[in-house]
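Structural characterization, general
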Amino acid sequence: MKRPLLPFLWLMALVSGLLVVGTTSADDEVKTYRPPNFEKEIFDVDAVGWDRFDRAAVVKLMINIARDFGEEDDVDLEVRAKALAIGYRLDPGSKEIERVDKQLRNDAESVSGEDVDRERLVRRLVKKIDTLISAGGKESFKCAAYCADIGKDFQEDEEAFTKQLATLKEKGAEPDWKGVLEAPVKIVKRDPANDNPEDIIRRIIMGGQEQEKFEPKWVTMPGGDADKLALRMSTVKGLVVMTLSNGDHAGAASTIDVTALKDDEAGDDLIIGIDQKVGSMMRGSIEEVVKLMRLRHEDDGTIPSGYKIEFGFPDKDQLKDGPSAGTAFALVLDSMFTGVKLDPDFACTGAITKIGSVQPIGGVAAKIRGATKKGCRVVGVPIANEKGVADVVVLGEMDQLLAIQIFTMTNFDEALAIARVEREEDVQKTMDLFNKVAEVIQERGMEVVKHPKVIEKLEVVLKRMPNHASAKYLLQYAKGTAPKTLSIGGAFQETRVRSGSAFEILAPLMYEAGEGEEEDFSFDDTMKEAGEEATKQLKEIEGKIDERLRPYFKSVIACTEALAKGPLEEETGALFKERVRGLFKEMISENKKIANDPEIREEMM
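Conventions used here
Residues numbered from 1 in each chain as written. Predicted model: local features only at pLDDT ≥ 70, side-chain atom pairs only at ≥ 80, totals over all residues. Heavy atoms only, no water. Helix = DSSP H or I, 4+ residues; strand = E, 2+ residues; numbered from the N terminus. Buried < 20%, exposed > 50% of the residue type's maximum accessible area, 1.4 Å probe, protein only. pLDDT = per-residue confidence, 0-100. Contact = heavy atoms within 4.5 Å. Expected span 1.5 Å × (residues − 1). Polar contact = N/O pair within 3.5 Å; in protein donor to acceptor, adjacent residues only side chain to side chain. Axes fitted to C-alpha atoms, helices over the stretch in contact; angles between N-to-C directions. Parallel < 35°, antiparallel > 145°, perpendicular 65-115°, else oblique. Left-handed = near helix turned anticlockwise from the far one by under 90°. Nonpolar A, V, L, I, M, F, W, Y, C, P; charged D, E, K, R; others polar. Patch = residues over 30% accessible without salt bridge, like charges linked within 9 Å, V, L, I, M, F, W, Y side chains within 5 Å. Areas by Shrake-Rupley, 256 points an atom, 1.4 Å probe, with all protein chains shown as cover. Salt bridge = Lys/Arg side-chain N within 4 Å of Asp/Glu carboxyl O. Lys, Arg positive; Asp, Glu negative; His and termini not counted. Charge placed at Lys NZ, Arg CZ, Asp CG, Glu CD. Phe/Tyr/Trp six-rings, centres within 6.5 Å; stacked < 30°, edge-to-face > 60°.

Describing the overall build of the protein
The helix and strand inventory of the protein stands at 21 helices and 14 strands. Across the 605 residues that make up the protein, the buried fraction comes to 53%.

Printed below as a string of structure tokens:
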């Protein structure tokens, strides 16, 4: 029986993500993680009796408790979440804590960033808690009780934590974890032995997400005393990656609009959300944006009540997921409260947190290509994705650095500074200067970028705006210091994109024949052409692949070349399939080596 090709549904284009259908085996490990509620108030941090050095040390200890401790790691997920909750209160906005929490939400595990001696960690935590108890004070005792409770659960045979808890109880301080952790999140940890080849190929081609529920999302925000919204409608462009039916990726700039109508159901509140089918990541992004708007505007008199505010995309019937529209959502919603108009030639990508921190996403190089094609003149990308801008240079697409001004963003205010129509004078003058330099280079060719006067002006641009990525990489090109190797994430992205159509065809070849089934199959020109095209595209970037990824990359090419050449002379279809399966197993083996490399995994976060 012939197996079908990957269903077209698996290749549907989504905003910053792909819908991937998956199944759960009875042998797969299912874990439950209760993420920390970073907003729950449990003690007054400013009244805790640690100096800044002690506080920083305890934050590091909490992060280490939340991380993995190797093969025999037995730290309970709830203990990890509690440690992150306390660490975040001691260091609000910690990117490291947010990163570890994200890893736990996705995988129920975290990558250890350093070798941690468990016994030494326990000794240090005991000492820091003793310091806090000695400092005295109600809030100090509260904080100490939470830390000691975490320590007791982390290292059950350590009596010091039990003694500390008893002392603190006498002082009226006991940990109360109610509301500190959020609702449970079910995480499926797959047993690789249960994966059929099509599952594996699907995850390689499309990033490995599980099928989930897509639904509209609405959030209630407390209303304020303003008479009305400053704007009733606003738009901004978000950068997306679309996956075509042949497996190729195409970047695009998609308009996001927001409209507000008076609605009796809102009452004294605001109802904010999207009435389109979106996945959990985008639903979570909307929640974060609403929290950010509360922090920015609850005390400035710009929030009214009684409105229903709705985000929208032009392609209303298409499923969407991913967090990368977060910054765009925040900008366009903020404009409704402030009246600040956004530049129609501006586009951005990036997840965002409730405190306005712009977080990394995927597919930056493809998204920049899409922005260029859509005529965008200014683009913002997360600072953590700057290597994606470097990938534009590595791929030889220098014209994109001239066609648009690419900026990195660390927070919401940096995004707003380049997104607004009426920019600050220094910002606008700097952008105008870059445009003049770009025009000269476009007229005279890339070699003119090495002229001393051009270099001088680019240096002025970069001095005024250090986050001007276009100026930065043009300068590196001019000085001969531009990167020549794709980033880890960029290499995976390009490999997946360039091999996608071939692996879609290879998928059904991976199945062993069942009882009564024939192994033979009919090889045709379509298969051969897909293999040839994938191999050609992969070889174009072969010299730009990071050394650590070369074994994996070569194993991918071995598979596409086998498809390009087809069965060898006198090789039956059954033998061809057996040979391809062997090549594919080698590729999976190389892929697993990379997945288990902490350095590479950290670099891709």
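Examining the confidence of the model for the protein
Residues at a pLDDT of 70 or more form 85% of the protein, whose mean pLDDT is 84. Of all the helices and strands in the protein, strand S1 (residues 13-14) carries the lowest mean pLDDT, 28, while helix H13 (residues 412-419) carries the highest, 98. Across residues 1-26 the pLDDT falls below 50, and counting only partners more than four positions away or on other chains, this stretch makes 79 contacts in the model. In the predicted structure, residues 192-211 sits below a pLDDT of 50 and forms 58 contacts with residues beyond four places in sequence or in another chain.

Focus: helix H1 (residues 52-66)
In a regular helix each residue adds 1.5 Å, so 15 residues correspond to 21 Å; H1 covers 21 Å between its end C-alpha atoms and thus fits that length. Listing the buried residues of H1 in full gives Asp54, Arg55, Ala57, Val58, Val59, Leu61, Met62, Ile63, Asn64, Ile65 and Ala66. Two to three positions downstream of the cap, the backbone nitrogen of Phe53 sits 3.0 Å from a side-chain oxygen, assigning the N-cap of H1 to Asp51.

A look at the environment of Ala108
Within the secondary structure, Ala108 sits in the loop between helix H3 (95-107) and helix H4 (118-135). Through-space distance from the C-alpha of Ala108 to that of Tyr33 is 6.7 Å; in sequence the pair is 75 residues apart.

Topic: the packing of helix H2 (residues 77-90) against H3
Where H2 contacts H3, the two axes come as close as 10 Å, and the packing angle between them is 160°. If you check the angle between H2 and H3, you find them roughly antiparallel. When the axes of H2 and H3 are compared, the crossing they make is left-handed. In this structure, H2 contributes Leu77, Arg80, Leu84, Gly87 and Tyr88 to the contact, and H3 contributes Ile97, Glu98, Val100, Asp101 and Leu104. Its residues assigned to classes, the contact of H2 with H3 shows six nonpolar, one polar and three charged.

A word on a negative patch on the surface
Negative charge collects at one region of the surface, where Asp117, Glu119, Glu156, Asp157 and Glu159 lie side by side. Mapped onto the elements of the fold, Glu119 is located in helix H4.

Comments concerning the packing of aromatic side chains
Per the counting criterion, the structure on display carries seven aromatic pairs. Centre to centre, the rings of Phe43 and Tyr146 are 6.1 Å apart; their planes meet at 45°, and the pair counts as tilted. One end of the pair, Phe43, is in the loop between strand S3 (29-33) and H1; the other, Tyr146, is in helix H5 (residues 138-154), and 103 residues separate them in sequence. A relative accessible area of 10% means that Phe43 is categorised as buried. Ring centres of Phe523 and Phe576 lie 5.9 Å apart, and the angle between their planes is 75°; this geometry places the pair in the edge-to-face category. With Phe523 in the loop between helix H17 (488-506) and helix H18 (525-539) and Phe576 in helix H20 (residues 573-595), this residue pair connects regions lying 53 residues apart in the sequence. Following the ring pairs from residue to residue traces out a cluster consisting of Phe43, Tyr146 and Trp177.

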